[in-house]
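# Close look at the chain arrangement
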Amino acid sequence: MSSPPRDELVMKVLVALRVPGTDARDVIQVHRRYLVELMQQWTRIKEAEAESDLSLALVVDAELFRLDATVRWLDAADGRIKRGADLPADPQAQTTTGTTPGTTPAVPRVRRRIGVRR
């Protein structure tokens, strides 16, 4: 298994989680609205021109599927962030999450497991 590719949107959301005063869920919703507008534009192209051009239809379908996957990831990220924010802020939680109550939870470090045998 290889490392996931660099994804600017993922990095944008991760940075928004770390920047004080930034609501990562707002960042997600603004980007989501933008992607939905793009999907609507591609759908109009598909309806108007792609039915008579197989190559264009394939390109439009590929872009619509890519945009849809990104929107689904944004929805999943939004839900995960919301669930994380709904956790009770008690002193016991501080020892398990590494944050103090009322602050943005720390983003966990991901350990690479490429080529490591256990």
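Before any of the text, the structure's been laid out above.
Just so you know, these numbers come straight off a predicted model, no measurement behind them. (Residues numbered from 1 in each chain as written. Predicted model: local features only at pLDDT ≥ 70, side-chain atom pairs only at ≥ 80, totals over all residues. Heavy atoms only, no water.)

### Concerning the overall build of the chain
Across its full length, the chain holds 4 helices and 0 strands. Secondary structure elements of the chain occur, N-terminal to C-terminal, as α-α-α-α. Relative to its full complement of 118 residues, the chain shows a buried share of 19%. For the chain, the accessible surface area stands at approximately 9,500 Å², while carbon and sulfur atoms represent 56% of it. (Helix = DSSP H or I, 4+ residues; strand = E, 2+ residues; numbered from the N terminus. Buried < 20%, exposed > 50% of the residue type's maximum accessible area, 1.4 Å probe, protein only. Areas by Shrake-Rupley, 256 points an atom, 1.4 Å probe, with all protein chains shown as cover.)

### Re the pattern of salt bridges
The tally for this structure, following the rule as stated, stands at 5 salt bridges. Taking the shortest distance from any N to any O, the salt bridge between Arg-25 and Asp-78 comes out at 2.7 Å. Of the two residues, Arg-25 is situated in helix 2 (residues 24–48) and Asp-78 in helix 3 (residues 54–85); the sequence distance between them amounts to 53 residues. A salt bridge links Asp-75 to Arg-32; its shortest N-O distance comes to 2.5 Å. (Salt bridge = Lys/Arg side-chain N within 4 Å of Asp/Glu carboxyl O.)

### Remarks on helix 2
Over its 25 residues, helix 2 extends 36 Å from the first C-alpha to the last, a length consistent with the 36 Å expected when each residue adds 1.5 Å. Every buried residue belonging to helix 2 is among Ala-24, Ile-28, His-31, Leu-35 and Met-39, and all of these are buried. Of the surrounding elements, those touching the buried residues of helix 2 are helix 1 (8–18) and helix 3. Measuring from the backbone nitrogen of Arg-25 back to the side-chain oxygen at the start of helix 2 gives 3.0 Å, which picks out Asp-23 as the cap. (Expected span 1.5 Å × (residues − 1). Contact = heavy atoms within 4.5 Å. Polar contact = N/O pair within 3.5 Å; in protein donor to acceptor, adjacent residues only side chain to side chain.)

### With respect to the packing of helix 2 against helix 3
As a packed pair, helix 2 and helix 3 sit with axes 9 Å apart at the nearest point and diverge in direction by 160°. Overall, the two elements helix 2 and helix 3 adopt an arrangement that is roughly antiparallel. As for the relative orientation of helix 2 and helix 3, their crossing is left-handed in sense. For the contact of helix 2 with helix 3, a count of residues per class yields 16 nonpolar, 4 polar and 9 charged. (Axes fitted to C-alpha atoms, helices over the stretch in contact; angles between N-to-C directions. Parallel < 35°, antiparallel > 145°, perpendicular 65-115°, else oblique. Left-handed = near helix turned anticlockwise from the far one by under 90°. Nonpolar A, V, L, I, M, F, W, Y, C, P; charged D, E, K, R; others polar.)

### Topic: the environment of Val-71
Position of Val-71 among the secondary structure elements: in helix 3. Judged by its relative accessible area of 6%, Val-71 is buried. Sequence separation between Val-71 and Tyr-34 is 37 residues, and the spatial gap between their C-alpha atoms is 9.8 Å. Every residue in contact with Val-71, bar those within four places of it in the chain, is listed here: Arg-32, Leu-35, Val-36 and Met-39.

In short, geometric facts, not functional conclusions.
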